[in-house]
Structure formats: structure tokens, C-alpha cells
Amino acid sequence: MWSWRLAWLLRGCSRRGSSPWLPRDTRTVPAALTHSHHTAPESLRCAWQLHGDHLELRYGNTLMRLDFVWLRDHCRSPSCYNTKTNQRSLDTASVDLAIRPQAVRVDETTLFLTWPDGHVTRYGLEWLVKNSYEGQKKQVMHPRILWNAEIYRQAQVPSVDCRSFLETDEGLKEFLQNFLLYGIAFVENVAPTKEDTEILAERISIIRETIYGRMWYFTSDFSRGDTAYTKLALDRHTDTTYFQEPCGIQVFHCLKHEGTGGRTLLVDGFHAAEQVLQRAPEQFELLSKVPLKHEYVENVGGCHNHMIGVGPVLNVYPWNNELYLIRYNNYDRAVINTVPYDVVRRWYHAHRTLTTELRRPENELWVKLKPGKALFVDNWRVLHGREAFTGYRQLCGCYLTRDDVLNTARLLGLQA
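Note that the coordinates shown come from a computational prediction; the quantities given were computed from them, not determined experimentally.

A separate point is helix α11 (residues 341-358). An ideal rise of 1.5 Å per residue puts 26 Å on 18 residues; α11 measures up with 26 Å between its terminal C-alpha atoms. When α11 is considered as a whole, its buried residues turn out to be Val 343, Trp 347, Ala 350, His 351, Leu 354, Thr 355, Glu 357 and Leu 358. Taken around the axis of α11, the buried residues stretch over an arc of 145°, which confines them to a single face. Projecting away from the buried face of α11 at angles above 90 degrees are the exposed residues Tyr 341, Arg 345 and Arg 352.

This is the structure we're talking about:
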């Protein structure tokens, strides 16, 4: 139980020599003491309680459990943390794993901890709420808007003009905000060349060179050992599932199409996964726990590759169950030999449930790419495909490093 003491009582018990309570809400903690209680004034809605190996701190509506080693390790004093480089100076391995504060004090905004060697650590209470495990459980790492075709059309998400995108922070920020929220974004009035598409991509990220090269041309000449290099329809999928870390963002720019068909299909994989979570949470959990192999084997011309990536279909942050990556590619999924007999049938049922959601017509957004309109796709979230086509169709594009795109967004003040 929490001991909610009045502020006047604490002040009244703060007489030196006659009480363990020190002035200004400071208390020396005897080494043998296993529990102690303290509150700051009630208006702060703050109280703390010491346990054998951690401090329990209630601030506002958040109840935090903060390990003593964690509290010492994250000290932001000049001797422990370099604020110029934003790097830790303290050697974590030097912290006594049985460490315990000698004194604890809380004022209106700050927690003070005095350690056995006399070192004082100060933490802002708001910082603790934001950075504690309990605080992070309530936070969303990547805010987003889940969509089906109707939701996206009604949102009337604007494309960004190429000049504004390249020359102004406002245009770039608008583009990135759209991309972060929806997982897709368009840039209009781009010169239909590979060189101009490359300049566009480099505005937000370093281009990720892969086995397909840096910038690639994409035609139906079957120059690579991949169904994509044909005129056949492609079902919804994410790319490079056979990489240990699938490429984060994909850029498409149609340079020329002399023929019919070839519309691009886009599906919000996170929206479909959310439907599974709501209707069959046990299947969502199975898809997030069972590891699978995806494989790419190529022996065409001078291209010889054998890539294997391992991971579950759904990848979630373990502290808040937030989905951050979907690997879904029925073309490239390898032999399922990482799943025991008593699980594999349940996995097939879960996979079928997700596939049903992904294939619902109302979730399909069809877009006709044309010269001058570049499409950026979050390959960790949005599945893409295409309908069959006739004639000559040429696309160019590239993969971008996800870290650099998110870095650009954060520098512009966006949560990413």
C-alpha cells in the first residue's frame, strides 16, 4: 500500500537528530531497510516507495518501477553523460549490480538520488514518465492512419509538386508527413528520367544499393530471375522479404508505357493486420511469433544470387505490441521447416485469415502510374502488386534506407 502523507507532516518530522527525515524532503536510506514511503505535496500527485532492488514512483497517472542499476546507469550528470555528443560516458559494467541509493528526495519537478559514493543523480519527473517502461507502453512509436481504398480516397491526400519537394522544407515536410501517416506518398511533375528520379530519392535518403543495383530499370524482358520482370499480374506482396532486413522504402516512377493495363495495386498491410488483431488476436500473436524463411535463388545470365531472410510475417515492438514490419510474399516464401507439426496447421489458419483481409476488394487501392508521377512506398507496411499489361512498359526506381528517411523526418520536427 502507498502511504500518502501530508506535506505538513513531512515538514514536521524533519528535525535533525530526532528523525530519519532530513530537511527539504530528503531521507537517508539505511542499508538494511527494504521498504520506505514518501510523498511530495499532494498537488504534485507524486509519491515514491523503496523496495529491495527498485524505486516505485507514482507521478500523475503513471506508476513506474525503476531498477536501481537502471537509475544509476542513466544518470545525466556531466561525469556520466556527454551532452555535446549525446552519448553515455559512464561505464555501465562498473556499476555495482547491488547498488542502492543512500538518500532519495523529490521536489516539484525532480527526483534526486544520492549514491553510496556521494554522487547525486537528478531526473526530471516528466523525463522519467516519458522514458520509463511504463511510460513507453502508453506511447506510439510511429503515429499512422490505417486505411482502405475508401478511407484513402476520402482523405484526399495531396501529391507534392516536385519543385516544392526539392527546394523547400515545407514541401518536403508535407510529403514526409503524408508518407509517415499513410505509408505511401506521391510527387508530381518529375522529369521522366532515371537521373531526375535519383535526385528525387536522394532528397530524403541515401539510396540502398542491392543485388539489383543502385537505380534500376524495370521492363518485361525477364533479365532477372523474378516474376516482376514479366508482363504477368503480380499479387500483393512486400519486397526483399529474403533480406535479413527488408528494404524500407521503394520508389517507383513509370517512364513509359505503350500499351494497356499495368495498374499498380496498393494495400495497407497494417490495416489488414489490425482487423486480424481485433477478430482473432490469437492468430495475430501466432503470426508475430512464428519465424519463417524467405528465399531468392537466381541464376540468369551473369546474375547468381541465393538470399535467405528469416522473420515472422508480423513484427511488433514487444513493450507495446505496436506493429512495425510485415513480411508477406507468397512468391518468395521458402519451405516451412522452422515450425513444428503441432503449430504449422494453426499457422496456416492464421495466414489464411490475414490473406483474406489483404485480398478484400475494399482494401485495394488501384493507381495508374504515369510519366512524371513518382510513388514512394513504405515496404515495411504497404503491399504492392500490379495487373497484367500489354506493350512496352518501363519503370525506374530504387530502394531507400529506412533509417535515413526517418532521420530526415525527425530533423523537420516530425515524430518518426
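The next subject is the packing of aromatic side chains. Under the criterion given, the structure shown has 18 aromatic pairs. For the pair Phe 165 and Phe 376, a centre-to-centre distance of 6.2 Å together with 45° between the ring planes defines the contact as tilted. In this pair, Phe 165 is assigned in helix α6 (residues 162-167) and Phe 376 in strand β24 (residues 374-378), connecting sequence segments 211 residues apart. Residue class for Phe 165 comes out buried when judged on its relative accessible area of 0%.

On to the pairing of strand β25 (residues 382-386), then. Among the five residues in β25, five count as buried, and that is most of the element. With burial as the criterion, each face of β25 is covered, one bearing Val 382, His 384 and Arg 386 and the other bearing Leu 383 and Gly 385. Both strand β18 (residues 264-268) and β25 contribute to a ladder of five bridges, which runs antiparallel. Bridged to Thr 264 within β25 is Arg 386.

On to the pattern of salt bridges. All told, the structure shown has 18 salt bridges when counted by the stated rule. A salt bridge links Asp 378 to Arg 402; the nearest nitrogen and oxygen atoms lie 2.8 Å apart. Taken together, the residues Asp 378 in strand β24 and Arg 402 in helix α12 (residues 402-411) connect sequence positions 24 residues apart. Arg 402 carries the same exposure label as Asp 378, and that label is buried. Each of Asp 235, Arg 236, Arg 359 and Glu 364 takes part in salt bridges that share partners, so that together they form one network.

Looking at the secondary structure, you find Met 307 in strand β20 (residues 303-311). Judged by relative accessible area, Met 307 falls into the partly exposed class, the value being 23%. For the pair Met 307 and Thr 241, spaced 66 residues apart in sequence, the C-alpha to C-alpha distance is 9.5 Å. In this structure, Met 307 is in contact with Ile 211, Tyr 242, Phe 243, His 294, Glu 295 and Tyr 296, ignoring residues within four places of it in sequence.

So, how was this worked out
Residues numbered from 1 in each chain as written. Predicted model: local features only at pLDDT ≥ 70, side-chain atom pairs only at ≥ 80, totals over all residues. Heavy atoms only, no water. Helix = DSSP H or I, 4+ residues; strand = E, 2+ residues; numbered from the N terminus. Expected span 1.5 Å × (residues − 1). Buried < 20%, exposed > 50% of the residue type's maximum accessible area, 1.4 Å probe, protein only. Arc of directions from axis to C-beta. Phe/Tyr/Trp six-rings, centres within 6.5 Å; stacked < 30°, edge-to-face > 60°. Pairing = 2+ DSSP bridges. Salt bridge = Lys/Arg side-chain N within 4 Å of Asp/Glu carboxyl O. Contact = heavy atoms within 4.5 Å.

The quantities given are spatial measurements derived from coordinates; they are silent on function.
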